[in-house]
Every structure is written in C-alpha cells, then in structure tokens.
Amino acid sequence: EELRDLLGTGWLTHDGMWFYSVYKEYGIERANKLNKDAIKSMVPFEVQRLTQIIGITKNQLKSMEDIRDFVLCGMELILPASVFSKLHFSTPSRNVLHWEWEKNECFAYKGMKRMGVIESYECGVMYRIECWFESLDLKFIANPRPEKCQMHERGYCAGDYEFQF
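Residues numbered from 1 in each chain as written. Predicted model: local features only at pLDDT ≥ 70, side-chain atom pairs only at ≥ 80, totals over all residues. Heavy atoms only, no water.

It is worth spelling out the packing of aromatic side chains at this point. All chains considered together, the criterion is met by 11 aromatic pairs. Relative to F163, the ring of F133 lies with its centre 4.9 Å away and its plane at 80°, an arrangement referred to as edge-to-face. With a gap of 30 residues between them, F133 in helix α6 (residues 125-135) and F163 in strand β4 (residues 157-163) connect regions that are remote in the sequence. Each member of the pair, F133 as well as F163, carries the same accessibility label: buried. Residues F163 and F165 carry aromatic rings whose centres are separated by 6.3 Å and whose planes lie at 25° to one another, so their mutual orientation is stacked. (Phe/Tyr/Trp six-rings, centres within 6.5 Å; stacked < 30°, edge-to-face > 60°. Helix = DSSP H or I, 4+ residues; strand = E, 2+ residues; numbered from the N terminus. Buried < 20%, exposed > 50% of the residue type's maximum accessible area, 1.4 Å probe, protein only.)

Quick look at the structure:
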C-alpha cells in the first residue's frame, strides 16, 4: 500500500509540475485550457480501462448505486489512498451523487495554492469525473459546475451530480 501511494503521489506531482511548467511558459489561461484538453482526450482511454478492469460495460450503469460504485472503484484505483480517503461520495436521493472533499484536503487545491495560482485555477479534478460521465454517455447536471476552485472560492468543495435516467 505504501508503494502504491508513493507511485500515485509521484504521478500527481508530475501532473502538477506539468501544469506549473505550462503556466510559467504560457500563462494561467493557457495552462487551464491545455489541462482540460489533456483530461478530455485522456478520459475515453481511462474509462475503457476502468470498465474493463472493474468488469462492467457502460450499459450496465442504470442506477445511482451503479454509478456511485463505478466512481468509488475507479477513483480508488487511480488515486493514492492518502488522497482518495479525503474525497467522499454519497447518494442522498434516487438520482443524485453527492461529492465532497474534506476541508482544505483536495490535492489540486493544495498544489495550486503552493504554486500561487489558486486565484485563477480551473478545477481539473471534478472536470475529470464529469468527463467520465460524458464518456459513459450519462446525462447529468452538475450543481455547482466546478469551474474555479471551490475550496478557494467558497471555503469548501462539495456538490451534486443529478442524473437523468
């Protein structure tokens, strides 16, 4: 578990330093855009691999519990335990997936704050999950739609994905 966490946090550090390098070279708007472009183009591969390893097809995601279980399993597979343990999901109603980061514990928030770009950083973490839903052909509405960093803007990071079945 320690080795897995080391490898996972190493990958997150690489990702953050890639963002920081683009920011220094091209500015924050370009860094945000390229980050989201990279996420959007990576996600179909990631979702294909996740559905394969989890042993489901996107047609099997027909209930809130199915979606929640996929997100939990997928996030647990891609995030180090030290990060995943700070992100919580619940299903408060038949078609809502609620997400919430522990206060000040989002890895992107902490990294962007250290880099000094938190004021203008556009959330790539929740955007990635939204891209998962799009790649799985799920219809949803995000409330709020996390554009800027919610932890910085509101003092907490939480919201709901409402699905249309």
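This next bit is on the sheet that holds β4. Pairing within the open sheet is antiparallel, and its 4 strands lie in the order β1-β2-β4-β3. Single-partner strands in this sheet number two, and they are β1 (87-93) and β3 (140-143). Each adjacent strand pair in this sheet contributes to an overall mean axis angle of 20°, direction not counted. Sheet strands touched by helix α3 (residues 64-78): β1, β2 (96-101) and β4. Its angle to β1, the strand with the most contacts, is close to 180°. Packing of α6 onto the sheet brings it into contact with β1, β2, β3 and β4, and relative to β4 it is tilted by some 10°. (Pairing = 2+ DSSP bridges. Axes fitted to C-alpha atoms, helices over the stretch in contact; angles between N-to-C directions. Contact = heavy atoms within 4.5 Å.)

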